[in-house]
Amino acid sequence: DAGGRLCTMLPLHAWAVGLANGVGLRPPMGYSSWNDCASEVTEARIRRVARALVNTGLAAKGYTHVNVDEGWLKSRGTTTLAMEEDTAKFPSGMRALGEWVHAQEVPGAGRTLRYGLYTSRGTCQCSTKQYQGPGSSGHIERDAAWMVAAGADLVKVDS
């Protein structure tokens with residue numbers, strides 16, 4: 001007490017809240033194709049970047065997310081309304097690409113790369129001159145199930 005004032009010291013701890021399996025202890029770090037090539041993303045580019053994250057040691061340091069942003073979704077099926085990837089840009093398909101990303105070995109860490117896909121909650125995606133894709137409005141549950149089946153660990157949703 002200095003001059004009749006009570007001083008209280010509270011310890012400040014740096015801590016993070018996460019699940020017991022480690023989810024939530026750090027933000028998703030890695031690569032998002034939008035920051036690199038906007039909607040001109042291709043399967044070949046995603047494979048090169050994933051290999052680079054491993055080969056440069058960045059993946060071993062926690063940069064494990066590989067997000068395929070706008071540009072992969074071509075249309076919806078006319079009868080099923082299911083998402084349809086652009087097979088000219090992603091000849092193996094999004095599920096095969098996700099399996100490939102997950103199969104990459106990170107030295108000292110194992111198969112820790114995570115795969116992400118993009119959608120928009122509107123009726124269309126951001127759209128550039130080269131690309132106009134459908135959004136997930138009215139199809140949220142169907143699209144979420146499609147992306148999970150394609151192996152997505154992360155979904156980036158724009159509004």
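Attention in this report is confined to the structure presented alongside it.

Cut-offs applied
What you see as residue numbers is a count from 1 along each chain, following the sequence as written. Totals for whole chains, interfaces and linings use every residue, but because this is a predicted model, local features are given only for residues with pLDDT of at least 70 and side-chain atom pairs only at 80 or more, for both listing and counting. Think of the side-chain values as coming from all heavy atoms in the structure, minus any hydrogens and water. To qualify as a helix, a DSSP run of H or I must reach at least 4 residues; to qualify as a strand, a run of E must reach at least 2; elements of each kind are numbered from the N terminus. Partly exposed residues are those whose accessible area sits between 20% and 50% of the maximum for their type, while under 20% is buried and over 50% is exposed, using a 1.4 Å probe and protein chains only. When checking whether two residues touch, look at their non-hydrogen atoms; a contact exists if any pair is within 4.5 Å. When we speak of the arc, we mean the arc of directions from the helix axis to the C-beta atoms. In plain words, nonpolar cores are sets of buried Ala, Val, Leu, Ile, Met, Phe, Trp, Tyr and Cys residues tied together by side-chain atoms within 4.5 Å. Helix span, as expected, comes to 1.5 Å for every residue beyond the first. Only strands joined by at least two bridges in the DSSP assignment are considered to pair.

Per the secondary structure count, the chain includes four helices and six strands. Going residue by residue from the N terminus, the α and β elements of the chain occur as β-α-α-β-β-β-α-β-α-β. Put simply, the chain has 159 residues, and 38% of those count as buried. Long-range contacts, defined here as pairs at least 24 residues apart, represent 63% of the contacts in the chain between residues at least 6 apart.

Residue pairs three or four apart in sequence face the same way in an α-helix, which turns once every 3.6 residues. Inspection of helix α3 (residues 94-103) places M94, L97, G98, W100 and V101 among the buried residues, and these make up the whole buried set. Along the axis of α3, the buried residues cluster in a sector spanning 160°; they form a single face.

So, on to the nonpolar core. Core analysis: the biggest nonpolar cluster contains 29 residues, and V68, W72, M94, L97 and L117 have the highest contact counts within it. Elements with a minimum of two residues in this core: α2 (43-55), β2 (65-68), α3, β5 (114-120) and α4 (140-149). Considering every element that reaches this core, the biggest residue donor is α2, with five residues. Setting aside chain neighbours within four positions, we find V68 in contact with S33, V41, I46, F90, M94, L97, Y115, G116, L117 and Y118.

The terminal C-alpha atoms of α2 lie 18 Å apart, and with 13 residues this matches the ideal 18 Å at 1.5 Å per residue to within 8%. Turning to α2, its buried residues are E43, I46, R47, V49, A50, L53 and V54. The buried residues of α2 occupy one face: seen down the axis, they fall within an arc of 165°. Considering only its buried residues, α2 is in contact with β1 (30-32), β2 and α3. Trailing α2 by a residue or two, G57 shows a phi angle of about 90°, which is positive.

Burial along β2 is two-sided: the residues H65 and N67 and V66 and V68 are all buried. Alignment of β1 against β2, held across three bridges, turns out to be parallel. Looking across to β2, one finds that Y31 is bridged to V66. Where β2 lies against β5, four bridges are found, and the strand directions are parallel. Within β5, the position partnered with V68 by the bridge is L117.

Structural measurements only, silent on function.
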